[in-house]
Amino acid sequence: MNILAVESSCDETAVAVVSNGRRVLTDCIASQVDLHRIYGGVVPEIASRKHIEAIYALADQALEKAGITRNDIDAVAVTYAPGLIGAVLVGVNFAKAAAFAMNKPLIPVHHMRGHIAANYLAFPELEPPFLCLVVSGGHTMLVDVQDYTKMEILGGTLDDAAGECFDKVGRLLGMPYPGGAALDKAAQLGDDTKYPLPRAKAGENPYDMSFSGLKTATINLIHHAEQVGEELDVNSLCASFSAAVSDTLVPRTMQALRQTGYDKLAVAGGVAANSRIRKDILSAAERTGAKVYLPPLSLCGDNAAMIGAQAYYEFLSGNFADMSLNAYATKSILGEML
Ligand code: KG4
Ligand code: ZN
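An account of the accompanying structure is given in this report. Since this is a predicted model, take the numbers as computed values, not measurements.

Points about helix H2 (residues 44-66)
The α-helix advances 3.6 residues per turn, and as a result positions three or four apart in sequence lie on the same side.
Thought 1: End to end, H2 covers 31 Å across 23 residues, agreeing with the expected 33 Å (1.5 Å per residue, within 8%).
Thought 2: Helix geometry: H2 is bent most strongly at Ile-55, by close to 35°.
Thought 3: When we look at burial in H2, the residues that qualify are Ile-46, Ala-47, Ser-48, His-51, Ala-54, Ile-55, Leu-58, Ala-59, Ala-62, Leu-63 and Ala-66.
Thought 4: In this structure, the buried side of H2 is in contact with strand S1 (2-7), strand S2 (12-19), strand S3 (23-31), helix H1 (33-37) and helix H3 (85-102).

Describing the coordination of the zinc ion (ligand 2)
Thought 1: In this structure, His-111 (NE2), His-115 (NE2) and Asp-302 (OD) serve as the protein donors to the zinc ion (ligand 2), at separations of 2.0 to 2.1 Å.
Thought 2: Taken together, the four donor atoms coordinating the zinc ion (ligand 2) and their angles of 95 to 131° define a geometry best described as tetrahedral.
Thought 3: Overall, the relative accessible area of 1% leaves His-115 in the buried class.

Brief notes about the sheet that holds strand S10 (residues 291-293)
Thought 1: With mixed pairing, the five strands of this open sheet are ordered in space as S8-S7-S6-S9-S10. Unpaired on one side and paired on the other, strand S8 (150-156) and S10 mark the two borders of the sheet. Along the sheet, successive strands turn relative to each other by an average axial angle of 25°, direction set aside.
Thought 2: The pairing of strand S9 (residues 264-268) with S10 spans three bridges and is classified as parallel.

Some points on the packing of aromatic side chains
Thought 1: Within the structure shown, the criterion is met by 10 aromatic pairs.
Thought 2: On the basis of an interplanar angle of 90° and a centroid distance of 5.2 Å, the ring pair of Phe-166 and Phe-241 is categorised as edge-to-face. One end of the pair, Phe-166, is in helix H5 (residues 162-172); the other, Phe-241, is in helix H8 (residues 234-260), with 75 residues separating them in the sequence. The residues Phe-166 and Phe-241 share a single accessibility class, namely buried.
Thought 3: On the basis of an interplanar angle of 85° and a centroid distance of 5.3 Å, the ring pair of Phe-315 and Phe-320 is categorised as edge-to-face.
Thought 4: Classification of Phe-320 as partly exposed rests on a relative accessible area of 37%.
Thought 5: Ring-pair connections join several aromatic residues into one group, and the members of that group are Tyr-120, Phe-130, Tyr-148, Tyr-312 and Tyr-313.
Thought 6: Residue placement shows Lys-291 over the ring face of Tyr-293; its charged tip is 4.8 Å from the ring centre.
Thought 7: The lysine or arginine in question, Lys-331, covers the ring of Tyr-328, its NZ or CZ lying 4.1 Å from the ring centre.

A few points about the site of ligand 1
Thought 1: In the vicinity of ligand 1 there are 19 residues, among which His-115, Gly-137, Asp-167, Asp-184 and Gly-270 approach most closely.
Thought 2: A distance of 2.5 Å separates an oxygen atom of ligand 1 from a polar atom in the side chain of Asp-167.
Thought 3: Within the side chain of Asn-274, a nitrogen or oxygen atom sits 3.0 Å from a nitrogen atom of ligand 1.
Thought 4: For ligand 1, whose accessible area on its own is 560 Å², the fraction buried by protein is 84%.
Thought 5: Taken together, the residues of the shell around ligand 1 break down into five nonpolar, 11 polar and three charged.

Quick notes on the pattern of salt bridges
Thought 1: The full count for this structure, using the stated rule, is eight salt bridges.
Thought 2: A salt bridge links Arg-113 to Glu-314, with the nearest nitrogen and oxygen atoms 2.9 Å apart. Here Glu-314 lies in helix H11 (residues 305-316) and Arg-113 lies in helix H4 (residues 111-122), a separation of 201 residues in the sequence.

A short note on the pairing of strand S6 (residues 130-135)
Thought 1: Here S6 lies mainly inside the structure; six of its six residues are buried.
Thought 2: Where S6 lies against strand S7 (residues 140-147), six bridges are found, and the strand directions are antiparallel. Bridge assignment links Val-135 to a residue of S7, and that residue is Thr-140.
Thought 3: Where S6 folds back on S7, the antiparallel hairpin that results is connected by four residues.
Thought 4: Pairing between S6 and S9: four bridges, direction parallel. Residue pairing in the sheet places Leu-133 in a bridge with Val-267 of S9.

Comments concerning the packing of H2 against H3
Packed helices, taken two at a time, are described by the angle between their axes plus the distance between the axes.
Thought 1: Contact geometry for H2 and H3: axes closest at 9 Å, N-to-C directions at 25°. Our classification of the angle between H2 and H3 gives roughly parallel. For the pair H2 and H3, the crossing hand works out as right-handed. Residue-level contacts link Ser-48, His-51, Ile-52, Ile-55, Tyr-56 and Ala-59 of H2 to Gly-86, Ala-87, Val-90, Gly-91 and Phe-94 of H3.

Notes on the sheet that holds strand S5 (residues 106-110)
Thought 1: What the five strands build is an open sheet, ordered S3-S2-S1-S4-S5; its pairing is mixed. Each edge of the open sheet carries a strand with a single partner, namely S3 and S5. On average, each strand axis in the sheet is inclined to that of its neighbour by 20°, with strand direction left out of account.
Thought 2: Where H3 meets the sheet, its contacts fall on S1, strand S4 (75-81) and S5, and the angle it forms with S4 comes to roughly 160°.

Calculation rules
Residues numbered from 1 in each chain as written. Chains lettered and ligands numbered in written order. Predicted model: local features only at pLDDT ≥ 70, side-chain atom pairs only at ≥ 80, totals over all residues. Heavy atoms only, no water. Helix = DSSP H or I, 4+ residues; strand = E, 2+ residues; numbered from the N terminus. Expected span 1.5 Å × (residues − 1). Bend = angle between axes of the 7 residues up to and from the residue. Buried < 20%, exposed > 50% of the residue type's maximum accessible area, 1.4 Å probe, protein only. Contact = heavy atoms within 4.5 Å. Donors = N, O, S within 2.8 Å, 3.2 Å for Na, K, Ca; no water. Tetrahedral: all angles 85-135°; square planar, octahedral: opposite > 155°, others 65-115°. Pairing = 2+ DSSP bridges. Axes fitted to C-alpha atoms, helices over the stretch in contact; angles between N-to-C directions. Phe/Tyr/Trp six-rings, centres within 6.5 Å; stacked < 30°, edge-to-face > 60°. Lys NZ or Arg CZ within 6 Å of the ring centre and 35° of its normal. Near = heavy atom within 4 Å. Polar contact = N/O pair within 3.5 Å; in protein donor to acceptor, adjacent residues only side chain to side chain. Areas by Shrake-Rupley, 256 points an atom, 1.4 Å probe, with all protein chains shown as cover. Nonpolar A, V, L, I, M, F, W, Y, C, P; charged D, E, K, R; others polar. Salt bridge = Lys/Arg side-chain N within 4 Å of Asp/Glu carboxyl O. Parallel < 35°, antiparallel > 145°, perpendicular 65-115°, else oblique. Left-handed = near helix turned anticlockwise from the far one by under 90°.

As C-alpha cells, then:
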C-alpha cells in the first residue's frame, strides 16, 4: 500500500511516498531554514507562503523520484497538528485536494506520532510496545507506546521544550538558527564540568521535567559575562548546558523504562540528533540490558516519510478524515483523532 505523505507544520515542506509503513520510496524536503535564519527564528507568515510555493512541485517530484504515478497511490496522509497554524493549513488543504482529486482515503497524522514512527523506518524489526523519549523543538515527553496508535504520556516538560532551550542559548551565543546542531558541535570540544548549571526537579510526577530554570541560568551567565567583560569558554558552556539537558532527560527515561518493564527504548524528534543525549542514553541503557533505537540523524528532524510511516498504522486502525478535516496549532498526541 503506497501512501503519499505531506508535512508542512514548521519550516520544512516535505512530501514522501511510503510503502506499507516501512519502506520509503521517496522523501523530498524543501527546507526554508536559510530564509528564516536572518530573523533568528521561524517567521510564520513567510513559512506559510513558502509552503504554498513549494508543495505542488514537491509532490510531482516525489512521484517522479519514486518512479510511480498518481494511479499507484492508495491513500494521502498529512500532518494535521500540532504546528504553526498557517503552515499546517497549507499541507492539510493540499492533502484534502489531492485525496479528493484521486478519490483516495485521507489520513490525518499527529506530527509527534510521526516522529515516533521514524523509528519504524529506521528499524524494520521494531514493534510496540516500547518506551519513547520524544524531544523536539516544541515537545519533550516520555511516551509509553503501547501500540501503533495507542499511547500514554508518562511525563514531560512543564515549561519549555528541550529544543527550544538549545535554540535560545545557541542564538545568544551567536550561532545560526536553529542553534541545536551548532551548539552540539561546539559542546564536543568543551569541558562539561566548567560551568555548574541547575538540574531542576519538577513537581510530584517523577517523569515531569522543567527546562526554564536551566535556560534562564544559562542566559544570565552569558549576560553577566558580557557585562563584566569576561570572555566565555563557549565550547565548555555548550558542553555544560548539553550535560544539564541530558541529566534531566536520561535518568527519568531510565526510571520510566524500569517502571514499564519494557526492554525496548526509542528516541524521537529533532533533539534526538544530539550527540551527548545519544551517548548518555546508550551507556545508561547498556546497564539495563534494554535495546536502544536511535534513528539516523536524517530521520530525527522533520520529514514526510515519518508521517507516511505512522499513516499506515492509522489507516489499519480506521483513522480517516473527510473533507471537513481542519488544522490545529496544538493537540495532544493521545487526543481523539479529529
Ligand atoms: O523535531 P524537529 O525537527 O521540529 C519540531 O518538531 O520541533 O526539532 C527541531 C529541534 C530544534 O530545536 C533544533 O535545534 C533541535 O531540534 N536539534 C538539536 C540538534 N539537532 C536539531 N538539538 C540539539 N542537538 C542537536 N544535534
Ligand atoms: Zn518535528
